[in-house]
Amino acid sequence: MEIGTQPKEFLLAVSGLTVSFDGFKAVNDLSFYLDPDEIRVIIGPNGAGKTTVLDLICGKTKATSGSIEFRGKELTKLTENAIVQAGVGRKFQTPSIYDDLTVFENLEISYPRGRTVFGALTFKRDAAVRERVEEIAEMIFLKDKLETSAELLSHGQKQWLEIGMLLIQDPELLMLDEPVAGMSVSERMKTAELLHTIIKGRSVLVIEHDMKFVEDIAHKVIVLHQGKILSEGSMETVKNDPKVIEVYLGH
Ligand code: ADP
Ligand code: MG
């Protein structure tokens, strides 16, 4: 036993994670660890297994073997719902917002029921919800769009709204699959700003292709290739890794 060293507390500890689809290992003996308040980005060629990693963490896909510990709790045994309850929020590639509802209503329906104001009078709850919705709307640059129907938002604004719908549930780990795909340059910059704001009190795991964006936000990067980690470290480290250069130039 080591003396004077404290065991490190990871928010998320993935170890030996493997999933096999008819014998094909889309994720193959993957291990990585996320710190609290960390922004980690997973990059890698198409088909590398990036989305599958998020599917495994959020319980959409069941692992063949390995473990995913979130704040010491084993997630591989939990249902998707229980994983959300445990504090893991996940945004999919295509935004799943309600087009015919306003921005306010979209955020309102995502407000966790029965939490914090449990048992409170209806008007008290309404005030708490409104306050939280406005706070989130401000963060996602949609404060002046609260009464706007979601279908009238730009593609980028829809992506932000979906991030807001996750934020209102206050997850400790937020996972985003290609959040800036299809966004304009200015929207990308604002999204990077948004991620830096929402990091406070939580960790974010992002899949992204846009290298400029990755450089803006990542504390650490994982390069995934054929379901395995090819390289891991700062953007500077992985960019200069000969193995990474080979995989990317080989395409
Ligand atoms: P990425 O997000 O890195 O582009 P994916 O995680 O989507 O890659 O896919 C990795 C590989 O796993 C691909 O070859 C894909 O076809 C396969 N795959 C992903 N999900 C399934 C599934 N549910 N059933 C069978 N094969 C799958
Ligand atoms: Mg993907």
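Asker: Any chance you could break down the sheet that holds strand E6 (residues 88–91) for me, citing the residues and the numbers?
Answerer: A sheet is described by the order of its strands in space; here six strands give the open sequence E6-E7-E8-E3-E9-E10, paired in mixed fashion. Every other strand in the sheet has two partners, leaving E6 and strand E10 (228–233) as the edge strands with one partner each. Taking each pair of neighbouring strands and ignoring which way they run, the sheet shows an average axis angle of 15 degrees. Of the strand pairs in this sheet, strand E3 (residues 39–43) and strand E8 (residues 203–207) are connected by four bridges, and their pairing is parallel.

Asker: Tell me about the site of ligand 1, and name the residues and values.
Answerer: Around ligand 1, the neighbouring residues are Phe21, Phe24, Ala26, Pro45, Asn46, Gly47, Ala48, Gly49, Lys50, Thr51 and Thr52. The contact in question runs from an oxygen atom of ligand 1 to an N or O atom on the backbone of glycine 49, over 3.0 Å. Contact distances for ligand 1 include 2.5 Å between an oxygen atom and a side-chain N or O atom of threonine 52. Across the complex, the protein chains shield 57% of the 560 Å² of accessible surface that ligand 1 would expose by itself. Of all the elements, helix H1 (residues 50–57) adds the most residues to the shell around ligand 1, at three residues.

Asker: Describe the sheet that holds strand E2 (residues 24–34), naming the residues involved and giving the relevant values.
Answerer: What the four strands build is an open sheet, ordered E2-E1-E4-E5; its pairing is antiparallel. With partners counted over all chains shown, the strands left at the sheet margins are E2 and strand E5 (73–74), one partner each. For strand E1 (residues 12–21) and E2, the ladder comprises seven bridges, and the chain directions are antiparallel. Bridged to leucine 17 within E2 is leucine 30. Running at roughly 70 degrees to E2, H1 makes contact with E1, E2 and strand E4 (65–70) of the sheet.

Asker: Explain unusual backbone geometry residue by residue, including any values.
Answerer: Even without being glycine, aspartate 22 reaches a positive phi, approximately 50 degrees. Tracing the backbone through its elements, the reader meets aspartate 22 in the loop between E1 and E2. Exposure remark for aspartate 22: the relative accessible area of 84% places this residue in the exposed category. The phi dihedral of phenylalanine 141 is positive, around 65 degrees, even though this residue is not glycine. Position of phenylalanine 141 among the secondary structure elements: in the loop between helix H4 (122–139) and helix H5 (155–167). Under the relative-accessibility criterion, phenylalanine 141 is labelled partly exposed at 21%.

Asker: Explain the nonpolar core to me, using residue names and the numbers behind them.
Answerer: Judged by nonpolar contacts, the single largest core of 46 residues is most densely connected at Leu107 and Leu161. No other element matches H5, which puts six residues into this core. Not counting residues within four places of it along the chain, the set of residues in contact with leucine 107 comprises Val133, Ile136, Ala137, Ile140, Leu161, Gly164, Met165 and Ile168. Within the second largest apolar cluster, 29 residues are counted, among which are Leu12, Ala48, Val53 and Ile207.

Asker: Can you break down the packing of aromatic side chains residue by residue, with the values?
Answerer: Summed over all chains, the structure comprises two aromatic pairs. Taking the centre distance of 4.9 Å and the plane angle of 65 degrees together, the rings of phenylalanine 141 and tryptophan 160 count as edge-to-face. Here phenylalanine 141 is found in the loop between H4 and H5, whereas its partner tryptophan 160 is found in helix H5, with 19 residues between them in sequence. The ring of phenylalanine 141 carries the charged tip of lysine 190 above its face, separated from the ring centre by 4.7 Å.

Asker: Which residues make up the environment of leucine 194, and what are the values?
Answerer: Structurally, the position occupied by leucine 194 is in helix H6 (residues 185–198). Here leucine 194 falls in the buried class, since its relative accessible area comes to 0%. With residues up to four places along the chain from it excluded, the contact list for leucine 194 reads Met139, Ile140, Phe141, Trp160 and Ile163.

Asker: An account of the packing of helix H3 (residues 103–110) against H5 is needed here, citing residue identities and associated values.
Answerer: Two elements in contact, H3 and H5, have axes whose closest approach is 8 Å; the angle formed by their N-to-C orientations is 30 degrees. Classed by the angle they form, the pair H3 and H5 counts as roughly parallel. Remark: the crossing between H3 and H5 carries right-handed chirality. Across the interface between the two elements, Val103, Asn106, Leu107 and Ser110 of H3 pack against Leu161, Gly164 and Met165 of H5.

What counts and how
- Here the residue index of a chain counts from 1 through its sequence in written order.
- The lettering of chains begins at A and the numbering of ligands begins at 1, in the order of writing.
- For this predicted model, a pLDDT threshold of at least 70 governs which residues receive local features, and a threshold of 80 or more governs which side-chain atom pairs are given and counted, while totals over whole chains, interfaces and linings are taken from all residues.
- As a rule here, side-chain values cover all heavy atoms of the structure and leave hydrogens and water aside.
- Pairs of strands are assigned from DSSP output, requiring at least two bridges between the strands.
- Every helix listed is a DSSP run of H or I at least four residues long, and every strand listed is a run of E at least two residues long, numbered separately from the N terminus.
- Where helices are involved, their axes are fitted lines through C-alpha atoms of the stretch in contact, as for all axes, and angles between N-to-C directions lie from 0 to 180°.
- Summary of the distance rule: residues count as near a molecule or strand when at least one heavy atom falls within 4 Å of that molecule or strand.
- What qualifies as a polar contact is a pair of N or O atoms within 3.5 Å, subject to a donor-acceptor requirement within protein and to the restriction that residues adjacent in sequence count only when both atoms come from side chains.
- Every accessible area reported is derived by Shrake-Rupley at a probe size of 1.4 Å, with residue values counting cover from the shown protein chains alone.
- Throughout, a residue-residue contact means that at least one pair of heavy atoms, one from each residue, lies within 4.5 Å.
- Think of it in three bands: residues with accessible area under 20% of the maximum for their type are buried, residues over 50% are exposed, and the middle band is partly exposed, with areas taken using a 1.4 Å probe on protein chains only.
- The term nonpolar core refers to a set of buried residues drawn from Ala, Val, Leu, Ile, Met, Phe, Trp, Tyr and Cys, joined through side-chain atoms within 4.5 Å.
- Aromatic contacts are taken between Phe, Tyr and Trp rings whose centres are within 6.5 Å, Trp giving its six-membered ring; a plane angle under 30 degrees counts as stacked, one over 60 as edge-to-face, and the others as tilted.
- Should the NZ of a Lys or the CZ of an Arg lie within 6 Å of a ring centre and within 35 degrees of the ring normal, that charge is described as sitting over the ring.
- What sets the label is the angle itself: under 35 degrees gives roughly parallel, over 145 gives roughly antiparallel, 65 to 115 gives roughly perpendicular, and the rest give oblique.
- If you view the pair so one helix is near and one far, a crossing is left-handed when the near helix is turned anticlockwise from the far one by less than a right angle, and right-handed when it is turned clockwise.

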